[in-house]
Amino acid sequence: MTDTIRGYLDELNSTYARLHTAKEDLFWTTKMGLADDADAAQKEFDEREIALQRFLKDPERLVRTRAKFAEAERPTSGASPEDHQALGGWVTTFESHVLESAEARALFEELVEDEGRLARARGEMELGWRDPNAGFTRATSVKLSAMLRSEPDEAKRRAAWEGLASIEPYVLDHGFLEIVEKRNRLGRALGGEDFYDGTVRRVERMSKAEIFELLDELEARTRDRARRSIQEIEAKHGSRALEPWNFLYTTLGDSTKAIDPYFPFADAIGIWGRSFAALGIRYRGATLVLDLVDRRGKYENGFMHGPEVAWRAPRGRIPARIHFTANAIPGMVGSGHRAMETLFHEGGHAAHFANIDMPAPCFGQEFAPTSVAFSETQSMFCDSLLGDADWRTRYAKRRDGTPLPIGLIEQALESSQALAAWQARGMLAVCYGERAIYELAPKERTKERVLAILRDVEKRFLFLERGAPRPILAVPHLLSAESSAYYHGYVLAEMAVHQTREHFVARDGHLVDNPKIGPDLARHYWRDGNLRTFREYVRELCGHELSAKPLADHVNLTVAAAQAEARAQVAREPSLPRSNGAVELDAKIRVIHGRETIAELAPGEFEKFSRDFGAWIERQSAT
């Protein structure tokens, strides 16, 4: 009976779970390039997305849920504390989605179709690089970006950068500006001054002004250090090093090559599992599906989505089913590190959502009112370990077991720490560029004006005359509905990551293989889902407000200071606890490549699972 509180909740929970799973399963099919008919699959996905959003955006459902929530507050209602909490979660969820007017809901559905057409057009783009001698070579944006770091031939690097730059005019010519105008109309219907403001008010529960107050602080704190690093690079390598196709190769290429053998792609799954298990991270019975290797037709950015949400139903807890993906290229310099970075990053996301334990699925899904910044804090905290000297000493090894020596750790810091402030500003540039697009007056929002503004933002933030190695509109987040007005989340998350790291180091003395970390993250960050805001969670664990200062202090460290810190970590590493038992993640894991299953984890056989994956990667590298 849906007129009772319990009956109404059962209907909400089951309807949402059905619509969410149907949409997310088809999202995976379309993004992984698995559909026999891509256009038909995209059309069906758009229909499922609209069905889910109609459920979430219905103002009458919000009115009914508020009434049930008020009823549950009365002592005579018979509602349990869990029912009351679940209804409160649904009220917050509907408030973050509801569009009051029929016109706004119709506009949203138009946008779903428009964004689907843009996604198909972007997928069909003839993207690649042009060799003066061999002609045009098709390549994904992932491959083009990798060439900027590892390709020794400058002419090919320039061609790769020009390939990335070609994405910008292409998407501007294929409907992106029209989408921005419609998004702004939608943002105003959401109560914001534009799409960006309307989105973050509902997702982050912060205004655009509040977010950019924190970003402005980071920009001011990193400006001098980043400008000085560019001046030092020009003095050392000459002005050609500042060309966007030369910059990353000149500054990071040597260290990338030097440490590459110590991050073998074939060992990536094993290292991820052992490191996470040693941290006490568990997935609470979740099913994980991983697709890690680049291929044509596959979405050109890593992501995690959860088709089945973890929540505590009346009949018992339902574990999550989570998919995540990467675009690593076997045999390419840096591919092993990229694969490990993705496993730690998306695996951190998956741990977050797998550990949610709340009485309705609205708490455990990755969309509003779940904070982007808070979600990214979990993933970026986990992948931050890969840069720690003690973690590298313990886990970064050649296939023969030789560990990464301190000399190479220090060499890598010479480039990475010298550019740390500049790289933070690279993230800021995307945020400020995207904000500028939405703040342009409609008559000024032309292709030429947008490109000019983006180049100006890149020059102001990165101090490179021709702009960024990865042009702002080549970042896929800005095009997709679910990840637009999103990128600031990475910057805010970096702030929270450094506060979280400081908390654990101050309390325990180390991060690597610290078995208290997983349980503490589960208890303080993960368990309650989106019950509280991003800033409330950070304050609860760390004891103080979110600030740009810890991140700025870290990126502004001199190379010498960072190297001294690394030497101290390496000296201390032998005394830190080790986890030598069997790897236990409490998860069902399957690694796939498109429709092919590469490796599947059987209970108690993690080492075999890891070897199966490694053997497949070695065969791919050989070809």
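Residues numbered from 1 in each chain as written. Predicted model: local features only at pLDDT ≥ 70, side-chain atom pairs only at ≥ 80, totals over all residues. Heavy atoms only, no water.

## Examining the overall build of the protein chain
The helix and strand tally for the protein chain stands at 25 helices and nine strands. Taken against the 2.2 N^0.38 rule, which gives 25 Å for 623 residues, the C-alpha radius of gyration of the protein chain at 24 Å falls within 12% of a compact globule. Dimensions along the principal axes, computed over C-alpha positions, put the protein chain at roughly 75 × 60 × 50 Å. Within the protein chain, the fraction of its 623 residues that count as buried is 61%. Taking contacts inside the protein chain between residues at least 6 apart in sequence as the whole, the part at least 24 apart equals 76%. Averaging the locations of the 85 positively and 96 negatively charged side chains of the protein chain gives two centres separated by 1 Å. (Helix = DSSP H or I, 4+ residues; strand = E, 2+ residues; numbered from the N terminus. Rg over C-alpha atoms; globule rule 2.2 N^0.38 Å. Buried < 20%, exposed > 50% of the residue type's maximum accessible area, 1.4 Å probe, protein only. Contact = heavy atoms within 4.5 Å. Lys, Arg positive; Asp, Glu negative; His and termini not counted. Charge placed at Lys NZ, Arg CZ, Asp CG, Glu CD.)

## Here's the deal with helix α4 (residues 81-95)
A rise of 1.5 Å per residue sets the reference length of α4, with its 15 residues, at 21 Å; its end C-alpha atoms lie 21 Å apart and thus fit the reference within 8%. Inspection of α4 places Asp-83, Ala-86, Leu-87, Gly-88, Gly-89, Trp-90, Val-91, Thr-93 and Phe-94 among the buried residues, and these make up the whole buried set. (Expected span 1.5 Å × (residues − 1).)

## Side note on the pattern of salt bridges
Applying the stated criterion across every chain, the model contains 63 salt bridges. Across the salt bridge formed by Glu-110 and Lys-182, the nearest N and O atoms sit 2.9 Å from each other. Of the two residues, Glu-110 is situated in helix α5 (residues 102-124) and Lys-182 in helix α9 (residues 176-189); the sequence distance between them amounts to 72 residues. The exposure class assigned to Glu-110 is partly exposed, which follows from its relative accessible area of 36%. (Salt bridge = Lys/Arg side-chain N within 4 Å of Asp/Glu carboxyl O.)

## Regarding the nonpolar core
Note that soluble globular proteins tend to have their nonpolar side chains buried in a common cluster. In terms of nonpolar packing, the biggest core is built from 198 residues, with Trp-272 and Tyr-283 touching the most fellow members. It is helix α18 (residues 420-439) that contributes the most residues to this core, twelve residues altogether. In contact with Tyr-283, not counting residues within four places along its chain, are Trp-272, Phe-276, Leu-288, Gly-347, Ala-350, Ala-351, Ala-354, Leu-585, Asp-586 and Ala-587. In this structure, Leu-26, Met-32, Leu-34 and Ile-592 belong to the second largest nonpolar core, which totals ten residues. (Core = buried A, V, L, I, M, F, W, Y, C linked by side-chain atoms within 4.5 Å.)

## A few points about α5
For α5, with 23 residues, the first-to-last C-alpha span of 34 Å sits near the 33 Å given by 1.5 Å per residue. Of all the positions in α5, only Ala-104, Leu-107, Phe-108, Glu-109, Leu-111, Val-112, Asp-114, Glu-115, Gly-116, Leu-118, Ala-121 and Arg-122 are classed as buried. Where the residues of α5 are buried, they touch α2 (38-57), α6 (141-150), α8 (167-173) and α9.

## Describing the environment of Ile-592
Its place among the elements puts Ile-592 in strand β8 (residues 587-593). When the C-alpha positions of Ile-592 and Leu-292 are compared, they lie 7.7 Å apart, and in sequence the two are 300 residues distant. In this structure, Ile-592 is in contact with Trp-28, Val-289, Leu-290, Asp-291, Leu-292, Thr-597 and Ile-598, ignoring residues within four places of it in sequence.

## Concerning the packing of α18 against helix α19 (residues 447-462)
Relative orientation of the contacting elements α18 and α19 amounts to 155°, with a least axis distance of 9 Å. Taken together, the axes of α18 and α19 lie roughly antiparallel to each other. Between α18 and α19 the crossing geometry is right-handed. Counted together, Trp-422, Arg-425, Gly-426, Leu-428, Ala-429, Tyr-432, Gly-433, Ala-436 and Ile-437 of α18 and Val-450, Ile-453, Leu-454, Val-457, Arg-460, Phe-461 and Leu-462 of α19 form the full contact between these two elements. Taken together, the residues of the contact of α18 with α19 sort by class into twelve nonpolar, two polar and two charged. (Axes fitted to C-alpha atoms, helices over the stretch in contact; angles between N-to-C directions. Parallel < 35°, antiparallel > 145°, perpendicular 65-115°, else oblique. Left-handed = near helix turned anticlockwise from the far one by under 90°. Nonpolar A, V, L, I, M, F, W, Y, C, P; charged D, E, K, R; others polar.)

## Describing unusual backbone geometry
The omega torsion across Ala-368 and Pro-369 is 10°, close enough to zero to call that bond cis. For Pro-369, the location among the structural elements is in the loop between α14 (335-354) and α15 (372-384). Of note, the phi angle at Arg-284 is positive, near 50°, even though the residue is not glycine. Checked against the element boundaries, Arg-284 lands in the loop between α13 (268-278) and β3 (286-293). Positive phi, normally seen in glycine, also occurs at Ala-485, with a value near 50°. Assignment of secondary structure puts Ala-485 in the loop between α19 and α20 (488-508).

## Here we look at the sheet that holds β3
Sheet architecture is open: five strands sit in the order β4-β7-β3-β8-β9, paired in mixed fashion. Pairing within the sheet leaves two strands with one partner each, and these edge strands are β4 (303-308) and β9 (596-600). Averaged over neighbouring strand pairs, the angle between their axes works out to 25° when direction is ignored. Both β3 and strand β7 (residues 321-328) contribute to a ladder of six bridges, which runs parallel. Bridged to Leu-288 within β7 is Ile-322. Docked against the sheet, α14 engages β3, β4 and β7, running at close to 165° with respect to β7. (Pairing = 2+ DSSP bridges.)

## Some thoughts on the side chain of Glu-219
With respect to the helices and strands, the residue Glu-219 is situated in helix α11 (residues 208-237). Sequence-distant contacts of Glu-219, that is, excluding residues within four places in its chain, are made with Arg-425, Leu-428 and Phe-461.

## Some remarks on the environment of Leu-419
With respect to the helices and strands, the residue Leu-419 is situated in the loop between α17 (406-416) and α18. Here Leu-419 falls in the buried class, since its relative accessible area comes to 1%. Between the C-alpha atom of Leu-419 and that of Val-555, which follows or precedes it by 136 residues, the distance is 8.1 Å. Setting aside residues no more than four positions away along its own chain, Leu-419 makes contact with Ser-229, Ile-233, Phe-247, Thr-251 and Leu-252.

## With respect to the side chain of Ser-335
Relative to the elements of secondary structure, Ser-335 occurs in helix α14. Only 2.9 Å separates the side chain of Ser-335 from the backbone oxygen of Met-332, close enough to count as a polar contact. Filtering out sequence-adjacent residues up to four positions away, Ser-335 remains in contact with Asp-260, Phe-265, Ala-328, Ile-329 and Pro-330. (Polar contact = N/O pair within 3.5 Å; in protein donor to acceptor, adjacent residues only side chain to side chain.)

## Some remarks on the environment of Phe-613
Counting through the fold element by element, Phe-613 comes out in helix α25 (residues 606-622). Taking the C-alpha atoms as reference, Phe-613 lies 7.7 Å from Val-591; in sequence the two are 22 residues apart. With residues up to four places along the chain from it excluded, the contact list for Phe-613 reads Phe-265, Ala-266, Ala-268, Ile-269, Leu-292, Val-591, Ile-598 and Ala-599.

## Side note on the pairing of β3
Among the eight residues in β3, seven count as buried, and that is most of the element. Summarising the sheet, β3 and β8 pair through six bridges and their orientation is parallel. Among the inter-strand pairings, Asp-291 is bridged to a residue of β8, identified as Ile-592.

## Focus: the packing of aromatic side chains
All told, the structure shown has 30 aromatic pairs when counted by the stated rule. Aromatic pair Tyr-16 and Trp-90: ring centres 5.5 Å apart, planes at 70°, arrangement edge-to-face. Taken together, the residues Tyr-16 in helix α1 (residues 5-31) and Trp-90 in helix α4 connect sequence positions 74 residues apart. Its relative accessible area of 0% is what places Trp-90 among the buried residues. Both rings, one in Phe-212 and one in Tyr-432, keep their centres 5.0 Å apart while their planes meet at 85°; by these two values the pair is edge-to-face. In this pair, Phe-212 is assigned in helix α11 and Tyr-432 in helix α18, connecting sequence segments 220 residues apart. Each member of the pair, Phe-212 as well as Tyr-432, carries the same accessibility label: buried. Aromatic rings pair up to connect Phe-263, Trp-272, Phe-276, Tyr-283, Phe-324, Phe-344, Trp-391 and Tyr-395 into one cluster. The side chain of Lys-57 reaches across the aromatic face of Phe-108, ending 4.5 Å from its centre. Against the face of Tyr-262 rests Arg-398, its NZ or CZ located 4.9 Å from the ring centre. (Phe/Tyr/Trp six-rings, centres within 6.5 Å; stacked < 30°, edge-to-face > 60°. Lys NZ or Arg CZ within 6 Å of the ring centre and 35° of its normal.)

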